[in-house]
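Survey of secondary and tertiary structure
Spelled out from the first residue to the last, the chains are:
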Amino acid sequence: MADIKEIAVIGGTGAQGIPVVQALAESGRYGVRVLTRNPNSARARKLAGLPNVTLLEGAQDNQQDLHNLFRGVYGAWVNTDGFTLGEKDELFYGFRAYEIARSERVQHYVWANIEYAMDAANFDEKYYCGHMESKGRVGKFILAQGQDGMKSTLFSTGPYMDMLMDGMFVPVEQPDGSFVWINPARGDVKLPLIALCDVGTYNLWIFDNPSESAGMDLQVMTDNVSFAEIAKTFTEVTGKPAVHKSIPFEEYASVAEPYPGAYVNWALGPDAVRDDSVMSWRDNFGAWWRYWGDGITKARDTTVLDKIHPRRIKSLKDWMKYVGYDGKQKNVLKMVEDWSSKNGRSSNK
C-alpha cells in the first residue's frame with residue numbers, strides 16, 4: 001500500500017471521469033481523491049465504493065478547496081465543468097487549478113481537454129464555440145509552461161460515442177419501431193467519436209508512462225463516422241430500420257433546445273445570473289455543428305492509439321455490440337441527469 005500514488009480528480013462523477021476513476025482505482029497502483037460538491041449523490045457513492053477511492057467535499061470554483069485537493073498528491077486529473085462554470089469562469093479556474101497544483105508540488109497534471117476550435121479554424125468567428133474555446137485555451141496554456149517542475153499531458157476528446165444514448169445524438173423511435181436521427185449534419189460528414197469505456201485505459205497509460213506522455217496532447221477517437229453510417233450500422237446490429245435526416249440548424253434547434261431562450265449552461269436554469277461571456281445554446285451549438293460539419297478537425301493518429309490501448313474498441317459496430325445499444329435514451333451525461341432529476345422528468349436533450 002505504501003507504493004500507491006494518489007491522484008486528485010476534478011470531474012470524477014462526470015461521464016468521462018467515472019471510467020477514469022475506476023481504471024486508476026482498480027489498477028491497484030493509484031489511490032484516487034475525488035472532489036465533489038455532494039458526497040451523498042448516487043454517482044459519488046458509487047465511486048466511494050471502489051477500492052482506493054476517497055471523496056473530498058468541495059467545489060471546482062473554490063481556491064481553498066483546490067489547495068486541499070492537490071496537497072500531498074502525486075498527480076491530478078482535471079476535467080472542469082465548463083457548462084456549469086461558464087466560459088469565463090472556466091478560464092479563471094482552469095488556469096488557477098494548474099497554478100495551485102504546481103504550488104502544491106503535484107508531479108503530473110492531466111487536463112481533460114477539447115480541441116481549441118477557433119485556433120484550428122484560423123480564428124474564423126463562425127466557429128466560435130464557447131465550451132470548446134475555454135477548454136482549448138487552458139490546454140494551450142498548460143503545455144506552454146513546459147515540463148520542468150510539473151509534467152503535464154492533455155487528454156483530448158471529441159464527441160462521445162455514448163451521446164448516442166444521451167444528449168444530442170439520441171435517435172427518435174417511430175410508431176412502426178424504426179429509428180430516425182434528425183440533426184444538422186450532412187450525410188457525408190464524419191465525426192471522431194470516442195467510446196467512454198476506453199478513456200480509463202488511456203489515462204491509466206498516461207500516469208503509468210510519464211516519460212512518454214509528458215508534453216503530449218493525446219487526441220483519442222474510437223471511430224470516424226457519419227450519421228448515415230450510424231443509421232446503417234444500427235440496422236446491421238439490431239435489425240431495426242433506421243435513417244438519418246439532415247435539417248437546417250434553426251429547424252433542429254426549435255426542438256433540441258432545452259427550453260426557449262436557453263443559454264449554453266442551461267442546466268443552471270433560466271434565472272441564473274449571466275453576462276455577455278455566456279453564449280446562448282443556439283449560438284454555441286450552431287457553431288459546434290458547423291465546426292464538425294465543415295471538417296475543420298484534424299485526423300487522429302490511430303497508430304498511437306493502437307499502441308497505447310491495443311484492445312481498444314475500434315469501430316462503431318463493436319461499440320454497439322459491447323454496450324447492447326438499442327437506440328433508447330439512458331443516463332450518461334451528468335448535466336442532463338441533474339436537470340432531469342431537478343425537474344422530475346427524463347430528457348434526451
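The structure presented is a predicted model; accordingly, all values stated were derived computationally and were not measured. (Residues numbered from 1 in each chain as written. Predicted model: local features only at pLDDT ≥ 70, side-chain atom pairs only at ≥ 80, totals over all residues. Heavy atoms only, no water.)

Within the UniProt annotation, "domain: NmrA-like" (unreviewed entry) is assigned to residues 5–255. For the annotated span residues 5–255, helix accounts for 39% and strand for 23% of the residues, and the straight-line distance between the end C-alpha atoms is 47 Å. (UniProt positions renumbered as here; feature names shortened; annotations may be inferred. Helix = DSSP H or I, 4+ residues; strand = E, 2+ residues; numbered from the N terminus.)

With that out of the way, let us pick up the sheet that holds strand S7 (residues 172–173). The strand order S7-S8-S12 describes an open sheet built from three strands, whose pairing is mixed. In this open sheet, the two strands that pair with only one neighbour each are S7 and strand S12 (242–246). Looking at chain direction, S7 and strand S8 (residues 179–183) are connected through two bridges and run antiparallel. Counterpart to Glu 173 in the pairing with S8 is Phe 179. (Pairing = 2+ DSSP bridges.)

The next point concerns the sheet that holds strand S1 (residues 5–10). Pairing is parallel in the open sheet, where seven strands are placed in the order S3-S2-S1-S4-S5-S6-S10. Two strands in the sheet have a free side with no partner beyond their single neighbour: strand S3 (53–57) and strand S10 (217–219). Shown here is a sheet whose adjacent strand axes are inclined to one another by a mean of 20 degrees, direction ignored. Here strand S4 (residues 75–78) pairs with strand S5 (residues 108–113) via four bridges, running parallel. Bridge assignment links Val 78 to a residue of S5, and that residue is Trp 111. Sitting on the sheet, helix H7 (residues 130–144) touches S5, strand S6 (151–156) and S10, and the angle it makes with S5 is about 155 degrees. (Axes fitted to C-alpha atoms, helices over the stretch in contact; angles between N-to-C directions. Contact = heavy atoms within 4.5 Å.)

For the rest of this paragraph, the subject is the packing of aromatic side chains. In this description, a pair of aromatic rings is defined by centroid distance and the angle of the planes. If you walk through the whole model with that rule in mind, you get 27 aromatic pairs. With a centroid separation of 6.3 Å and an interplanar angle of 15 degrees, the aromatic rings of Phe 249 and Trp 281 are classed as stacked. Placement of Phe 249 in helix H11 (residues 249–256) and of Trp 281 in helix H12 (residues 281–293) is noted, with a sequence separation of 32 residues between them. For the pair Phe 249 and Trp 281, one class covers both residues: buried. Between the NZ or CZ atom of Lys 5 and the centre of the ring of Tyr 74, over which it lies, the distance is 4.3 Å. (Phe/Tyr/Trp six-rings, centres within 6.5 Å; stacked < 30°, edge-to-face > 60°. Buried < 20%, exposed > 50% of the residue type's maximum accessible area, 1.4 Å probe, protein only. Lys NZ or Arg CZ within 6 Å of the ring centre and 35° of its normal.)

Another aspect to go through is the pattern of salt bridges. For the coordinates displayed, the defined rule picks out 20 salt bridges. For Lys 328, the salt bridge is made with Glu 173, and the minimal N-O distance between the two is 3.9 Å. With Lys 328 in the loop between helix H14 (316–323) and helix H15 (334–343) and Glu 173 in strand S7, the pair connects residues that are 155 residues apart, well separated along the chain. Glu 257 is the partner of Arg 282 in a salt bridge, and the nearest nitrogen-oxygen pair spans 3.3 Å. Highlighted residues: Arg 282 in helix H12 and Glu 257 in the loop between H11 and H12, separated in sequence by 25 residues. A cluster of three or more residues bridged by salt bridges with shared partners is formed by Arg 186, Asp 188 and Asp 294. (Salt bridge = Lys/Arg side-chain N within 4 Å of Asp/Glu carboxyl O.)

Attention now goes to helix H10 (residues 227–238). Compared with an ideal rise of 1.5 Å per residue, which puts 12 residues at 16 Å, H10 spans 16 Å between its outermost C-alpha atoms and is within 8% of the ideal. Where H10 is buried, its residues contact S8, strand S9 (190–193), strand S11 (223–226), S12, H12 and H14. (Expected span 1.5 Å × (residues − 1).)

Where helix H1 (residues 17–26) meets helix H8 (residues 199–208), the closest approach of the two axes is 8 Å, and the angle between their N-to-C directions is 50 degrees. As the angle between them shows, H1 and H8 are arranged oblique. In this structure, the crossing between H1 and H8 has a hand that is right-handed. Counting all contacts with H1, which are made through Pro 19, Val 20, Ala 23 and Leu 24, the residues of H8 involved are Val 199, Gly 200, Thr 201, Asn 203, Leu 204 and Phe 207. In terms of residue class, the contact of H1 with H8 is built from seven nonpolar, three polar and no charged. (Parallel < 35°, antiparallel > 145°, perpendicular 65-115°, else oblique. Left-handed = near helix turned anticlockwise from the far one by under 90°. Nonpolar A, V, L, I, M, F, W, Y, C, P; charged D, E, K, R; others polar.)

This next bit is on the pairing of S8. Extensive coverage of S8 is indicated by the burial of four of its five residues. Where S7 hands over to S8, the hairpin turn is made up of five residues, of which Gly 177 adopts a positive phi near 90 degrees.

To continue, consider empty space enclosed by the protein. Enumeration according to the criterion identifies one cavity of 30 Å³ or more in this entry. The volume enclosed by the largest cavity comes to roughly 70 Å³. Gly 82, Gly 86, Glu 87, Glu 90, Gly 130, His 131, Ser 134, Val 264, Ser 277, Val 278, Met 279 and Asn 284 together form the lining of the largest cavity. Of all the elements in the fold, those that place two or more residues in the lining of the largest cavity are helix H5 (87–103) and H7. Top element by residues in the lining of the largest cavity is H7. It accounts for three residues. Taken together, the residues of the lining of the largest cavity break down into three nonpolar, seven polar and two charged. (1 Å grid on protein atoms, 1.4 Å probe; cavity = no way out; pocket = protein on both sides within 12 Å on 5 of 7 lines; lining within 4 Å. Points joined across faces, edges and corners; volume = space filled by probe spheres on them.)

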